[in-house]
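Understanding the architecture of this molecule
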Amino acid sequence: MSDYDYDLFVIGGGSGGVRAARVAAGEAGAKVALAEESRYGGTCVIRGCVPKKLMVFASGYGDMPAEARAYGWDIADGSFDWTKFSGKLNQELDRLEQVYRNLLSGSGVEMFDCRARLKDAHTVVLDDGTEKTAKNVLIATGGRPVRPEMENAGLGIVSDDIFHLPELPKSILIIGGGYIACEFACILQGLGVKVTQYYRGAQILRGFDDEARGLIAESMRERGIDLHTGTNIVEMRRALPEDYEDDDGHMATAPVEARQIGRREDDTDGQGPVWVKATNGRTGIFDQVLFATGRRPNSADMGLEDLGIELGRNGQIAVDEFSATSVPSIHAIGDVTDRVNLTPVAIREGMAYVETVFKNNPTPVDHDLIPSAVFTQPEMGTVGLSEEAAREQEPVDIFCTSFRPMQSAFAGQSARVLMKLVVSKETDKVLGCHIVAPNAGEMIQLAGIAIKMGATKADFDRTVAVHPTMSEEIVTMRNPVRSA
Ligand code: NDP
């Protein structure tokens, strides 16, 4: 009989923590408890991937009537009802949270709906002061969005807040050029919001393939997003009535009511337009400012430093390939370790942890060749090396095609898609695949299997095309467009 209350205590009920707890209890027969201070499902289910994707779907309908008319349908433009959508969205999130709770209780995991912190290597203290002991502790507390350090930054919202807006703003300024900034720029523009985006670097989506980033930026601008690269926010405050007097340089128009009411500078109720100054000197007024300027691991005030657990510069918990911290009984998975911050990766890390610690089968986490998608409009699906990263590594051939896809071209739209393979000159292996197209996320999942298996360009070539599709181009590119 164990001297501890539990074999495993998991802190954090997001995708990674829930999976590890379920599998340890259900498959490995461990006695498991889990503490979650907020809602079960974590960032992905409650304030990330799931509600975001539902918003992507919602925003996609905006273009459909025009396209349908081009195909002969007699159909009028409609309008979007945010209140109706967000009510339904919240019901769906409630349902999913309940599914997560049921999965845990069904596996025999004891749940504590509160915050937990570590007292020592085997003791967890709950909010009410109760102490629980465990042979093993798994930290899966995720991350949270951060605002830049600037005066009045609290006037801006972060991605968590989008799903709770009482109404959609008429105009929004989005700061940042990463996944979240670009996805919400497209979503909100599709829902009828006037979107301005400032990114401090030369091109959005740093780290992805340059050609793919370029096409996404071009498509975003074509859709009407006012994207400014090499631009950042330097000053912000609540808009005052006099800010509306001179139209010069105004990039957005606040609602009439807001102009009439005016706002005091010390008004911090989160409501009302915000006046913003950019690095290039331009000023503008926006109903909302969204900071999509990165995320930080949730590792503060957990007792980690006192235990000698090493934290990185960003607050991430340092772990080895088995997700072990410097304290043998304590492991960490998911965004709190800031390795590859994606839901399926956290889930894998949780499964590998259970294999290693509870099934006596040491399993390192494989972070190589992870396919992923950015849900901009059009989407980007990507796996492996960008052309730029591959060139640094070895000589490569680049196979690339960009074209107007049949469905939207028929409707008279100029939208283009991109299919690209980065191939090793020496081995013929496909080192990277980058797709910018509607549903590129779905396509890259399948290309990812081939590339993970080590497929060569010759393997792609001997695969018969599925016709007529967009993705057939990925197996019909005969000659490299360039070598590097
Ligand atoms: P990212 O780190 O991807 O992007 C942050 C952006 O903010 C970058 O463009 C960065 O610029 C910019 N930035 C950072 N600090 C400042 C500042 N002080 N002033 C102005 N700009 C700043 O973070 P996200 O929040 O977009 O996403 C976080 C993570 O969540 C992603 O890395 C991804 O792992 C995950 N995610 C995945 C999604 C998916 O799979 N579809 C969707 C959403 C999130 P710079 O490039 O110059 O550093």
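Bear in mind the structure is a predicted one, so any value in this text is a computation, not a measurement.

Considering all chains together, one arrives at eight aromatic pairs under this definition. Ring centres of F9 and F112 lie 6.0 Å apart, and the angle between their planes is 10 degrees; on these two criteria the pair is classed as stacked. Remark: F112 occurs in strand β3 (residues 110-112) and F9 occurs in strand β1 (residues 6-11); sequence separation between them is 103 residues. The exposure class of F112 is buried, given its relative accessible area of 14%. Both rings, one in Y179 and one in F208, keep their centres 5.5 Å apart while their planes meet at 75 degrees; by these two values the pair is edge-to-face. Here the residue Y179 occupies a position in helix α7 (residues 179-190), and F208 occupies one in the loop between β9 (194-199) and α8 (210-222), the gap between them amounting to 29 residues. Each residue in the set Y6, F9 and F112 is aromatic and connected to the rest through ring pairs, giving one cluster. Taking the ring centre of Y6 as reference, the NZ or CZ of K31 above it sits at 5.2 Å. The positively charged end of R237 is found above the aromatic ring belonging to W275, 4.2 Å away from the centroid.

With that out of the way, let us pick up the nonpolar core. M55, I174, F184, L188 and I204 are the most contacted members of the largest nonpolar core, which has 49 residues in total. With sequence-adjacent residues up to four places away left out, L188 is seen in contact with M55, I162, L168, I172, I174, V193 and V195. The next biggest cluster of nonpolar side chains, apart from the first, holds 25 residues, and it includes V10, C44, I333 and V354.

A word on the site of the ligand. As a matter of local geometry, the ligand sits amid 20 residues, with G177, Y199, R206, N341 and A373 nearest to it. G178 places a polar main-chain atom, nitrogen or oxygen, 3.2 Å from an oxygen atom of the ligand. Contact with the protein chains removes 76% of the 910 Å² of surface that the ligand exposes when unbound. Counted by class, the shell around the ligand contains eight nonpolar, seven polar and five charged residues.

What follows covers the sheet that holds strand β12 (residues 274-278). If you trace the three strands from one edge of the open sheet to the other, you get β11-β12-β13, paired in antiparallel fashion. Lying at the two open borders of the sheet, with one neighbouring strand each, are β11 (233-238) and β13 (283-286). Adjacent strand axes in the sheet meet at a mean angle of 25 degrees, parallel and antiparallel pairs treated alike.

We now examine a nonpolar patch on the surface. A grouping of Y71, W73, I75 and F410 is seen on the molecular surface, where their side chains present a nonpolar patch of about 480 Å² in accessible area. Mapped onto the fold, F410 is located in helix α12 (residues 406-410).

Remark: helix α3 (residues 49-60) packs on α7, axes separated minimally by 8 Å, with the N-to-C direction vectors making an angle of 40 degrees. Looking at the two axes, α3 sits oblique to α7. The way α3 lies across α7 gives a crossing that is left-handed. For the pair formed by α3 and α7, the contact residues are K52, M55, V56 and S59 on the first element and E183, F184, C186, I187, L188 and G190 on the second.

For the rest of this paragraph, the subject is the pairing of strand β2 (residues 32-35). The alternating pattern of β2 places V32 and L34 on one face and A33 and A35 on the opposite face, and all of these are buried. Across four bridges, the pairing between β1 and β2 is parallel. The residue of β2 that forms the bridge with L8 is V32. Once the chain exits β1 it traverses helix α1 (residues 15-26) before rejoining the sheet at β2, and the crossover so formed is right-handed. Pairing between β2 and β3: three bridges, direction parallel.

It is worth spelling out the sheet that holds strand β14 (residues 288-291) at this point. Strand order in the open sheet made by the four strands is β10-β9-β8-β14, with parallel pairing throughout. Each edge of the sheet is formed by a strand with only one pairing partner; in this case those strands are β10 (226-229) and β14. Strand-to-strand twist in this sheet, taken as the mean axis angle between neighbours without regard to direction, amounts to 15 degrees. With four bridges connecting them, strand β8 (residues 171-175) and β14 associate as parallel partners. For I174, the partnering residue across the bridge sits in β14 and is L290.

Secondary-structure assignment places F358 in helix α10 (residues 343-358). Separated by 266 residues in sequence, F358 and E92 have C-alpha atoms that sit 34 Å apart. Beyond its immediate chain neighbours, meaning those up to four positions away, F358 contacts D7, L8, A24, A28, A30, N136 and Y353.

How each quantity is defined
- Residues numbered from 1 in each chain as written.
- Predicted model: local features only at pLDDT ≥ 70, side-chain atom pairs only at ≥ 80, totals over all residues.
- Heavy atoms only, no water.
- Phe/Tyr/Trp six-rings, centres within 6.5 Å; stacked < 30°, edge-to-face > 60°.
- Helix = DSSP H or I, 4+ residues; strand = E, 2+ residues; numbered from the N terminus.
- Buried < 20%, exposed > 50% of the residue type's maximum accessible area, 1.4 Å probe, protein only.
- Lys NZ or Arg CZ within 6 Å of the ring centre and 35° of its normal.
- Core = buried A, V, L, I, M, F, W, Y, C linked by side-chain atoms within 4.5 Å.
- Contact = heavy atoms within 4.5 Å.
- Near = heavy atom within 4 Å.
- Polar contact = N/O pair within 3.5 Å; in protein donor to acceptor, adjacent residues only side chain to side chain.
- Areas by Shrake-Rupley, 256 points an atom, 1.4 Å probe, with all protein chains shown as cover.
- Nonpolar A, V, L, I, M, F, W, Y, C, P; charged D, E, K, R; others polar.
- Pairing = 2+ DSSP bridges.
- Axes fitted to C-alpha atoms, helices over the stretch in contact; angles between N-to-C directions.
- Patch = residues over 30% accessible without salt bridge, like charges linked within 9 Å, V, L, I, M, F, W, Y side chains within 5 Å.
- Salt bridge = Lys/Arg side-chain N within 4 Å of Asp/Glu carboxyl O.
- Parallel < 35°, antiparallel > 145°, perpendicular 65-115°, else oblique.
- Left-handed = near helix turned anticlockwise from the far one by under 90°.
- Right-handed = clockwise from strand over helix to strand, strands pointing away.

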